[in-house]
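Listed below, chain by chain, are the residues.
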Amino acid sequence: MKIILPTLGILTTLFSSTLSATAESDRTQWFREARFGMFIHWGIYAVPAGEWEGETIKGIGEWIMRFKKIPVAKYQSYAPEFTAAKYDPEAWADLAKKAGMKYVVITSKHHDGFALFDSAVSDWDVMASGAKRDLLDPLAKAVRARDMKFGLYYSQSQDWTHPGGATSGDIGKVWDPAQKGDYDQYLKTIALPQAREIIDRYNPAILWWDTPQKMTPARVAPFAELMAKHPHIINNNRLGEGFQGDTKTPEQHIPPRGFPGQMFEVCMTMNDTWGYKKNDQNWKSSQRLIQMLSDIASKGGNLLLNIGPRADGSIPQETIDRLEAIARWMDVNSQAIHATDASPFPRRLPWGRVTQKAGKNGGTTLFLHVWDWPADGKILLPTLKEVPTTGGMLKGGAAITAERTPDGIILQLPGKATDPDVSVARLEFPGALTITQEACNTPSPDGTLTLPALDADPHGAVGGNIRVEGSGADAYLTDWKRNEYRVEYHMKTGKAGKWSVQAEVAAPNAAKLTVTVNKSSHTVEIPATGTARTWKPIPMGIIELPAEETILELKPAADAWSPIELRKLTLTPVP
């Protein structure tokens, strides 16, 4: 029986998360509800803007001093050109607020050692630059005036200017004699006092530490003692050994299953760099950024999206365009992001993502983020037992039809997508949900086990990750650029046995993959299949699976890797 759900109408404004007294007093509550923040990398590196001696550097812009081993005096000569002449903290805060961001984190000092504030313990700060004024205080005031939280990044270990600071290598390994010094003395006289300065002056809601090289428990201890005096501050997990902090910080990649039960924050660039790099035009589309926000929220995490202003304080138009596109989407759909919890479905859904909220009187609200609009308008909520009582599209308010089937609830959406980036539907249920979906792939009735791209768990690194392109059965894994990236598939067969594995692959050049199950590995040669998207079946050998949930891992052979694209794996029982 099909049920036409009453449209939401004014109900969209009436439901919110029900918070216990314990949660209300929880110092991390605001962070867990925020889901979206702005990262700002701004410093002297914006002057060379990714160019050194007429050459565009490889890699991220804020690391130019380290990549090109620029002497300290030469790097400091850029300071007069860091003018902040067009710096408008009110406009920066407006961009964040309109985009639906709930907090802003800016680099108070990055690895080049330059501070955006007037430090009492160093002359290598904003007063030595063309700006000659505190750049943090006006932003903190503008952010707080818009009811957002203000946070600070601080590089406690790496410092390429102050003597003794770590230089992205062994402690004491320098490229300029001016950098020589004692690491512990640097921590005592520069890093720890500056950490006190930024806390005392700006009272940040977040301290975002970074690259904890050689930060042993003994070296961490005085910083941890400082933080214990300011328990309201949320810390990330990058201070040093033994200090877990409050949040995990995956960088430039989204963890495939999030971190259930733990706070995490994905930091992500809009192009390939954090600090301004004028020749980096590899911009992510606004749709991709919106889908990243949708994906991360569906896993219970936050997105900290970066901007890199120029040395004069102006923001690249490409950045503004993307933030304004996100703002247009969030203006309608923010309720599907803010104060939501992770999806109740244990597996990714082929059409998009889901977030949820606990409604009043024990009810449940589901937000369906439809990335790929089905041609027939139908989407399945697999194994869900309950039928929603009300529902509709957030944009336009169109009604939705719900039908209970043996496979779950099938929803009939409007005739076409309501948003060009991600369309969102809202469903209301009177109580808790019953979902019995398996958390991993299981065999079909004929015994075959199909592992599509949408069920892959890609594990990347700081430099990025494998991503999914396309939709449904045509989805495939791409951007497998580095041999440290790997893919996992979680599956459960129900009985032990041997299985023949076949992969559907597109490989412009020959490559090698290592297949691992339960510590048993073998390497497979992937022949060139032709141009991109030329799919061919490639035998991947025989594996043995236990009668329980297990993981199959694909990892490039380090000495013979060329990027491939992968559409699916098919496992067939061996008699």
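Residues numbered from 1 in each chain as written. Predicted model: local features only at pLDDT ≥ 70, side-chain atom pairs only at ≥ 80, totals over all residues. Heavy atoms only, no water.

(A) Representation of the overall build of the chain in the model. For the chain, the count of helices and strands is ten helices and 28 strands. Principal axes of the C-alpha set define a box for the chain whose edges measure 70 × 60 × 45 Å. When burial is assessed residue by residue, the chain has 56% of its 575 residues classed as buried. Put simply, 72% of the contacts in the chain that link residues at least 6 apart link residues at least 24 apart. The centroid of the 64 positive side-chain charges in the chain is displaced by 1 Å from the centroid of its 65 negative side-chain charges. (Helix = DSSP H or I, 4+ residues; strand = E, 2+ residues; numbered from the N terminus. Buried < 20%, exposed > 50% of the residue type's maximum accessible area, 1.4 Å probe, protein only. Contact = heavy atoms within 4.5 Å. Lys, Arg positive; Asp, Glu negative; His and termini not counted. Charge placed at Lys NZ, Arg CZ, Asp CG, Glu CD.)

(B) Highlighting the sheet that holds strand 8 (residues 234–235). On the basis of which strands lie adjacent, the open sheet formed by seven strands has the order 8-7-6-5-2-10-9 and parallel pairing. What marks the edges here is a single partner per strand, and that holds for strand 8 and strand 9 (265–268). Judged from the four bridges that link them, strand 2 (residues 36–40) and strand 5 (residues 103–109) form a sheet pairing that is parallel. The residue bridging isoleucine 40 from the neighbouring strand is isoleucine 106, located in strand 5. (Pairing = 2+ DSSP bridges.)

(C) Main features of helix 9 (residues 286–298). Helix length check: helix 9 (13 residues) gives 18 Å between terminal C-alpha atoms against 18 Å at 1.5 Å per residue, within 8%. Taken residue by residue, helix 9 has Leu289, Ile290, Gln291, Met292, Leu293, Ser294, Asp295, Ile296, Ala297 and Ser298 as its buried positions. In this fold, the buried residues of helix 9 make contact with strand 2, strand 9, strand 10 (302–307), helix 10 (317–333), strand 11 (352–358) and strand 12 (364–370). Immediately downstream of helix 9, the backbone of glycine 300 shows phi near 85°, a positive value. (Expected span 1.5 Å × (residues − 1).)

(D) Layout of the side chain of threonine 364. Inspection of the secondary structure assignment puts threonine 364 in strand 12. In this structure threonine 364 touches Gln356, Lys357, Gly359, Leu427, Glu428, Phe429, Gly431, Ala432 and Leu433, once residues within four positions along its chain are discounted.

(E) Expanded view of the packing of helix 5 (residues 89–98) against helix 6 (residues 136–145). Two elements in contact, helix 5 and helix 6, have axes separated by 8 Å at closest approach and are oriented at 40°. Of the possible angle classes, the one that applies to helix 5 and helix 6 is oblique. Crossing angle aside, the handedness with which helix 5 passes helix 6 is right-handed. Of helix 6, the residues touching helix 5 (which contributes Pro89, Glu90, Trp92 and Ala93) are Pro138, Leu139, Ala142 and Val143. Residues that form the contact of helix 5 with helix 6 fall into these classes: seven nonpolar, no polar and one charged. (Axes fitted to C-alpha atoms, helices over the stretch in contact; angles between N-to-C directions. Parallel < 35°, antiparallel > 145°, perpendicular 65-115°, else oblique. Left-handed = near helix turned anticlockwise from the far one by under 90°. Nonpolar A, V, L, I, M, F, W, Y, C, P; charged D, E, K, R; others polar.)

(F) Quick peek at the pairing of strand 6 (residues 149–154). By the criterion of burial, strand 6 is predominantly enclosed, with five of the six residues buried. With helix 6 bridging strand 5 and the parallel strand 6, this β-α-β connection has right-handed handedness. (Right-handed = clockwise from strand over helix to strand, strands pointing away.)

(G) How the structure looks around unusual backbone geometry. For aspartate 147, which is not glycine, the phi dihedral falls at a positive 65°. Here aspartate 147 is to be found in the loop between helix 6 and strand 6. The class for aspartate 147 is exposed, based on a relative accessible area of 64%. Despite not being glycine, glutamine 252 has its phi angle at roughly 65°, a positive value. Tracing the chain through its elements places glutamine 252 in the loop between strand 8 and strand 9. Exposure remark for glutamine 252: the relative accessible area of 14% places this residue in the buried category.

(H) The arrangement of the environment of proline 414 in detail. Topologically, proline 414 is positioned in the loop between strand 16 (408–412) and strand 17 (423–429). The buried category is assigned to proline 414, whose relative accessible area is 15%. Here proline 414 is in contact with Trp373, Met393, Ala398 and Ala399, once residues within four sequence places are set aside.

(I) Region of interest: the packing of helix 7 (residues 183–202) against helix 8 (residues 217–228). Between helix 7 and helix 8, whose axes approach to 11 Å, the crossing angle comes to 15°. On the basis of their axis angle, the class for helix 7 and helix 8 is roughly parallel. The crossing of helix 7 and helix 8 is right-handed. Residues Tyr183, Asp184, Leu187, Ala191, Leu192, Ala195, Arg196 and Ile199 of helix 7 form the contact with helix 8, whose own contacting residues are Arg219, Pro222, Phe223, Leu226 and Met227. Taken together, the residues of the contact of helix 7 with helix 8 break down into ten nonpolar, no polar and three charged.

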